[in-house]
Amino acid sequence: MNAQQNTAALFVGSFTHTLDAKRRMIFPSSWRNLAGDSNQLFAFPHPEEKCLYLYTAAEMMRRIDELRNSGSMDANDQQAIRSITAGAELLMWDAQGRVRIGENLLAHIEVKEQIVLVGALTRIELWSSENFDLALPQESSAAENVFFGGY
């Protein structure tokens with residue numbers, strides 16, 4: 001395993017795109033490179049925010065391993081996982097980087113035409129441009145300390 005495989009991809013920055021007539025977005029080439037050999041993203045509708053959380057295949061496997069190693073799960077845990085994954089989708093991009101997003105997920109984020117992809121370190125958040133504008137700004141001393149405090 002090389003060093004890059006041992007290190008999680010870290011997504012930063014943001015990209016605004018207009019959905020095409022087939023309701024596809026462009027997945028940025030710089031992020032496609034970070035995603036590794038897989039052209040897969042796992043999309044989960046956030047339970048409280050009008051956004052989607054997107055995970056690469058490698059990050060999804062890391063999270064599943066964490067879940068497996070957390071100990072035994074009871075029926076309630078299994079039901080919660082079932083509930084979360086039932087609304088999720090496997091997204092794949094084509095040779096041009098276009099990704100088709102299902103209508104249920106697009107309805108969840110209330111997209112009209114434009115989407116905003118936001119790098120949130122180990123995940124990507126997908127927002128409608130209108131809802132993303134409403135989600136900003138937030139103050140957080142914990143976040144500010146991580147990025148702007150100390151050495």
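Rules behind the numbers
- Residues numbered from 1 in each chain as written.
- Predicted model: local features only at pLDDT ≥ 70, side-chain atom pairs only at ≥ 80, totals over all residues.
- Heavy atoms only, no water.
- Helix = DSSP H or I, 4+ residues; strand = E, 2+ residues; numbered from the N terminus.
- Patch = residues over 30% accessible without salt bridge, like charges linked within 9 Å, V, L, I, M, F, W, Y side chains within 5 Å.
- Areas by Shrake-Rupley, 256 points an atom, 1.4 Å probe, with all protein chains shown as cover.
- Salt bridge = Lys/Arg side-chain N within 4 Å of Asp/Glu carboxyl O.
- Buried < 20%, exposed > 50% of the residue type's maximum accessible area, 1.4 Å probe, protein only.
- Contact = heavy atoms within 4.5 Å.

S.K.: Tell me about unusual backbone geometry, and name the residues and values.
M.R.: The phi angle at R23 is positive, at roughly 65 degrees, despite the residue not being glycine. Looking at the element boundaries, R23 is found in the loop between β1 (14–18) and β2 (24–26).

S.K.: Break down a nonpolar patch on the surface for me, citing the residues and quoting the values.
M.R.: On the surface, L10, V12 and L121 cluster together into a nonpolar patch covering about 270 Å² of accessible area. Within the secondary structure, V12 is located in the loop between α1 (3–6) and β1. Take V12: its relative accessible area is 56%, and that puts it in the exposed class.

S.K.: With reference to specific residues and values, describe the pattern of salt bridges.
M.R.: By the definition in use, this model includes ten salt bridges. A salt bridge links E125 to R123; its shortest N-O distance comes to 2.8 Å. Salt bridges linked by common partners bring E59, R62, R63 and E66 together as one network.

S.K.: Lay out the side chain of H46 in plain terms, naming residues and giving numbers.
M.R.: Assignment of secondary structure puts H46 in the loop between β3 (40–45) and β4 (51–56). When its relative accessible area of 15% is taken as the criterion, H46 is described as buried. Residue contacts for H46: discarding those within four places in its chain leaves C51, Y53 and H108.

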